[in-house]
Amino acid sequence: MTKEPGNSRGGETGKGIEIDPWSSDMPADVEKLFEKFGLEKIPASVRKRFSSSHLFSRNIIIAHRDFAKWMKAADAKKEVAVLSGIKPSGDFHLGSKQTAEEIIFFQKQFGAKVYYAIADLEANADNGLSLEECRKNAVSNVADLLALGLDEKNAYIYRQSKENRVMNKAFLLSKRVTRATFEAIYGDKPVSLQMSVLVQMADIFLPQHEDFGGPKEVLVPVGLDQDPHIRLSRDLAFKERLVLPSATYHKFVKNLKGEAKMSKRDPDSMLWLSESAQSVEGKLKRAITGGRDTADEQRKLGGRVDECAIFDLCKMHFEADDKSLAFRRERCVKGKMLCGECKKEVIELALKWLGKHQETREKMLKRAEKIIAAQD
Ligand code: TRP
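Just so it is clear, the model here is predicted, and its values are computed rather than measured. (Residues numbered from 1 in each chain as written. Predicted model: local features only at pLDDT ≥ 70, side-chain atom pairs only at ≥ 80, totals over all residues. Heavy atoms only, no water.)

Visitor: What exactly am I supposed to notice about the domain arrangement of the protein chain here?
Guide: A common way to express how large an interface is: the accessible area buried when the components associate. Taken domain by domain, the protein chain consists of domain 1 (6-21 + 28-251) and domain 2 (267-364). Each of domain 1 and domain 2 has a C-alpha centre, and the two are 29 Å apart. On the side of domain 2, 21 residues touch domain 1, which itself brings 17 residues to the contact. The junction of domain 1 with domain 2 conceals about 1,800 Å² of combined surface from both sides, 59% of it contributed by carbon and sulfur atoms. (Domains from an automatic or database assignment. Contact = heavy atoms within 4.5 Å. Buried area = accessible area lost by both parts, 1.4 Å probe.)

Encoded structure:
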């Protein structure tokens, strides 16, 4: 989807701007990002260490900045934080699940305290939602987080608009950034988005606030689209004499139409965790696969598994067992299983996972309301 210049979100990505966090497009060439912005690959030793998690064993977390520095502190049992955020512009979708699973993994693995920013101000600036609508979505989002396994006792979940420490810091940070810097990183954007950036910087620095024990190592798991923010936060942390935040980056699940990034702006391209079985089934039936033009051809040549949105869903979300995933790939590329049969199995897997999640989530709604109400 291309963004129209001058729409409500405004602004056009300038020339040479590689990543626009507010667009649905991701650069096709991820390799180039490694070179141009100095992202680092996850070393084999780290992959091995965490091979019990599909996030690492399947190369879903593909890049990092300064992850070793954070791990060293965590391994030394120093107090460390893991922080991420979400725009509460709707229910959780598979992309939000992705980030949530990462912070939960780091919370469990290292006992790290989780900070989770509900970016209601950014949702207002970028998507036009009122703060009241954002509050409703926030409750739903927190219920998902809890259902996915977040330990709320070792977490601080907050809405940006209600967190004075963040708001004040955002204002104070404004004197550190010039318009030229903004334009170089983001292109020409409305002031509301520039303000959202400052608020996000303040989110990232919140764990280092003296109320939370002062400077410490902070890991920010995000999608690749958020790297411009990470770069700026590291620059500002230096100027603020704070510890430079580390980051891990995940790939995006292919959207159901076969494009690189799921977007809430195109509900048909993605799955929501709250979606009805009927709707999920319909979307998966219509989803793009790597199938050939005819069944004969597919039996002969095999499917193009790496182009398939259905296989991607299995890999990133619904096929828990590595062996079953390998078996699915093999049957596909050897032409032993056609798309219809595969889809039928995957629909079943997806519905089973979603059904169970929805049941747990329902039970978490009361807790979630309490967590959000604490800031009213
Ligand atoms: N900008 C992020 C998004 O679009 C949300 C967000 C707000 C965030 N504050 C954050 C992400 C801090 C990581 C860290 O989804």
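Visitor: I tried to follow the pairing of strand β2 (residues 61-65) on my own but got confused; where do I start?
Guide: Counted residue by residue, β2 has five buried out of five residues, so it is predominantly covered. Two elements, strand β1 (residues 40-41) and β2, share two bridges in a ladder whose sense is antiparallel. Across the sheet, residue Glu40 finds its bridge partner in β2, namely His64. Sheet topology note: the β2/strand β7 (residues 246-250) ladder contains four bridges and is antiparallel. Directly across from His64, in β7, lies its bridge partner Thr248. (Buried < 20%, exposed > 50% of the residue type's maximum accessible area, 1.4 Å probe, protein only. Helix = DSSP H or I, 4+ residues; strand = E, 2+ residues; numbered from the N terminus. Pairing = 2+ DSSP bridges.)

Visitor: Help me understand the site of the ligand, please; the structure alone is not making it clear to me.
Guide: In the vicinity of the ligand lie 13 residues, with Gly85, Glu122, Gln200, Asp203 and Gln226 positioned nearest. At 2.8 Å, a side-chain N or O of Glu122 approaches a nitrogen atom of the ligand. Gln200 places a side-chain nitrogen or oxygen 2.8 Å from a nitrogen atom of the ligand. Here the ligand has 370 Å² of accessible area as a free molecule, and 91% of this is covered by the chains. Mapped onto the shell around the ligand, the elements with two or more residues apiece are β3 (81-86), α10 (191-205) and β6 (218-223). When residues in the shell around the ligand are grouped by element, the largest group, four residues, is from β3. Counted by class, the shell around the ligand contains five nonpolar, five polar and three charged residues. (Near = heavy atom within 4 Å. Polar contact = N/O pair within 3.5 Å; in protein donor to acceptor, adjacent residues only side chain to side chain. Areas by Shrake-Rupley, 256 points an atom, 1.4 Å probe, with all protein chains shown as cover. Nonpolar A, V, L, I, M, F, W, Y, C, P; charged D, E, K, R; others polar.)

Visitor: In this structure, what is going on with the packing of helix α14 (residues 309-318) against helix α16 (residues 339-373)? I would like to understand it.
Guide: For any two helices packed against each other, one specifies the inter-axial angle together with the distance between the axes. Orientation of α14 relative to α16, taken along the N-to-C sense of each, is 30°, at an axis distance of 11 Å. As judged from the angle between their axes, α14 and α16 are roughly parallel. For the element pair α14 and α16, the recorded crossing hand is left-handed. Residues Ile310, Cys314 and Phe318 of α14 form the contact with α16, whose own contacting residues are Cys342, Lys343, Val346, Leu349, Ala350, Trp353 and Leu354. When its residues are assigned to classes, the contact of α14 with α16 shows nine nonpolar, no polar and one charged. (Axes fitted to C-alpha atoms, helices over the stretch in contact; angles between N-to-C directions. Parallel < 35°, antiparallel > 145°, perpendicular 65-115°, else oblique. Left-handed = near helix turned anticlockwise from the far one by under 90°.)

Visitor: What exactly am I supposed to notice about the environment of Val218 here?
Guide: Relative to the helices and strands, Val218 is located in strand β6. Of the residues examined, Val218 reaches a relative accessible area of 0% and is grouped as buried. With 96 residues separating them along the chain, Val218 and Glu122 place their C-alpha atoms 22 Å apart. Aside from chain neighbours lying at most four places away, what touches Val218 is Trp70, Ala81, Leu83, Ile204, Pro207, Gln208, Pro245 and Ser246.

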